[in-house]
Amino acid sequence: MGEQALRFLQAGIEGTKGSPVSATRQLMASITNPNFNIPRDFVQEDRGTLVDSIRFVEGIKDYGFTIAQDQGATFEDIGWFFLTSVIGTDAPATINTAAYTRTYTPQTTAAGDTLNSATIEFGDDTQEFECEYCEAEGFTLGFATLAVGQAAPVTLSTDYVTQSLSSNTKTAGITAPTVETILATNATFYLGSESTAYASLTALTGSLRSFNMTYANNLGRKVYVGDGTTFSNIGRGRRVVTFEATVEGNSDGVARFTEWDLGTYKRMRLLFQGSVITGTTPATTRKFRIDGRFVLTAFDPLQSVDTNTVFQITGRFMPDTALSDAEVQFLLVNGVSTYT
């Protein structure tokens, strides 16, 4: 019947890029912004007829889509998405019996593409479609301005390119994982000088009102003679990671103005915590952490939230020797033993 209520989204990490695999995980998200484009140029010729064209030339396929957790990213799913968007190494360390910790440090100078590719399945009760060699162009991650009477989830939208789109058969038997939403209200924001170790940054309270990161991989899909109408592999471009935030218009906000005015480098840590992971001894909570060194690129003092003046700031993350010369680093602690 093609019922919307029966739509599904599931995926598996590919062992070899472009070689399809069966799905192993249901993704608690929605597929949006489809762009499945096969260019067809209709040839113009002088044929002595009013009919515009009798033939066309088919171009190289341009396929992409977004997977959105726009009502709440989860401690359990975000690690899977990072394998296709940040770095494709799934080597967790076991801590406190039943918890698993992963550090995602994005590629800096290593040759080749260190992202994993995925086979992604989506559809409904009538039809399943499959995309192979899916890698993330990038993602947006963050939370809107906190307000009374509203939920405060962290949201994640990951933009994918893919080599193919085909009709296929859904991998059966995959059940929904147990997940927990990452909440902005359970976060702590730390800030300090670029010479201060991340673990020694000072918690800044009464300041941060919203935060949104844009992570752009700038991938390059490569097509060679003999490839036909699809790309054969993906190259890495220069990554750009930026953020926009809203801060309270108090003395701390004025400090942000001074830092923007002087071009001062800063270090930040944004730590989100969740509930205790079942079976951990001692008890260990879910965690998601962002570390990064940045410089502010824009400052707007003329904004407001309710009765308060707030400042809108924009920043760009910059390489940091403490992060292996990457500009950001992510830490994840959850109860997921493997994504691959």
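To start, this report covers the structure provided alongside it. (Residues numbered from 1 in each chain as written. Predicted model: local features only at pLDDT ≥ 70, side-chain atom pairs only at ≥ 80, totals over all residues. Heavy atoms only, no water.)

Relative to the helices and strands, Asp90 is located in the loop between helix 1 (78-85) and strand 7 (93-95). Residue Asp90 is classed as buried on the basis of its relative accessible area, which comes to 18%. In terms of polar contacts, Asp90 uses its side chain to reach the side chain of Thr338, at 3.4 Å. A polar contact of 2.9 Å, which involves the side chain of Asp90, links it to the backbone nitrogen of Tyr339. (Helix = DSSP H or I, 4+ residues; strand = E, 2+ residues; numbered from the N terminus. Buried < 20%, exposed > 50% of the residue type's maximum accessible area, 1.4 Å probe, protein only. Polar contact = N/O pair within 3.5 Å; in protein donor to acceptor, adjacent residues only side chain to side chain.)

The subject of this paragraph is the packing of aromatic side chains. This model, assessed by the stated rule, comprises 25 aromatic pairs. A ring pair is formed by Phe82 and Phe330, whose centres lie 4.7 Å apart and whose planes are at 50 degrees; its orientation type is tilted. Of the two residues, Phe82 is situated in helix 1 and Phe330 in strand 22 (residues 328-334); the sequence distance between them amounts to 248 residues. Accessibility assignment for this pair places Phe82 and Phe330 in one class, buried. Judged by centre distance (6.3 Å) and plane angle (85 degrees), the ring pair of Phe143 and Phe272 falls under edge-to-face. Residue Phe143 is found in strand 10 (residues 128-143), and its partner Phe272 is found in strand 19 (residues 266-276); the two are separated by 129 residues along the sequence. Like Phe143, the residue Phe272 is buried in the burial classification. These aromatic residues form a ring-pair network of at least three members: Phe82, Tyr104, Phe139, Phe143, Tyr215, Phe272, Phe288 and Phe330. Positioned over the ring face of Phe8 is Lys170, at 4.3 Å from the centre of the ring. A cation over a ring is seen here: Arg293 above Tyr265, with NZ or CZ 3.9 Å from the ring centre. (Phe/Tyr/Trp six-rings, centres within 6.5 Å; stacked < 30°, edge-to-face > 60°. Lys NZ or Arg CZ within 6 Å of the ring centre and 35° of its normal.)

In terms of burial, helix 1 is largely enclosed, as 8 of its 8 residues are buried. Of the residues making up helix 1, those classed as buried are Ile78, Gly79, Trp80, Phe81, Phe82, Leu83, Thr84 and Ser85.

If you check helix 2 (residues 251-262), its first and last C-alpha atoms are 17 Å apart, about what 12 residues at 1.5 Å a residue would give, namely 16 Å. Among all positions in helix 2, only Gly253, Arg256 and Glu259 are buried. Relative to the axis of helix 2, the buried residues are bounded by an arc of 110 degrees and lie together on one face. Along helix 2, exposed side chains directed more than 90 degrees from the buried face belong to Ser251, Asp261 and Leu262. Sitting at the head of helix 2, Asn250 places a side-chain oxygen 3.1 Å from the backbone nitrogen of Asp252. Just downstream of helix 2 lies Gly263, where phi reads positive at about 65 degrees. (Expected span 1.5 Å × (residues − 1). Arc of directions from axis to C-beta.)

Here the focus is the pairing of strand 9 (residues 118-123). Counting buried positions along strand 9 yields 6 of 6 residues, so the element is predominantly enclosed. Of the strand pairs in this sheet, strand 1 (residues 8-13) and strand 9 are connected by 6 bridges, and their pairing is antiparallel. Among the inter-strand pairings, Ala11 is bridged to a residue of strand 9, identified as Ile120. For strand 9 and strand 10, the ladder comprises 5 bridges, and the chain directions are antiparallel. The residue bridging Ala118 from the neighbouring strand is Cys134, located in strand 10. Between strand 9 and the antiparallel strand that follows it, strand 10, lie 4 residues. (Pairing = 2+ DSSP bridges.)

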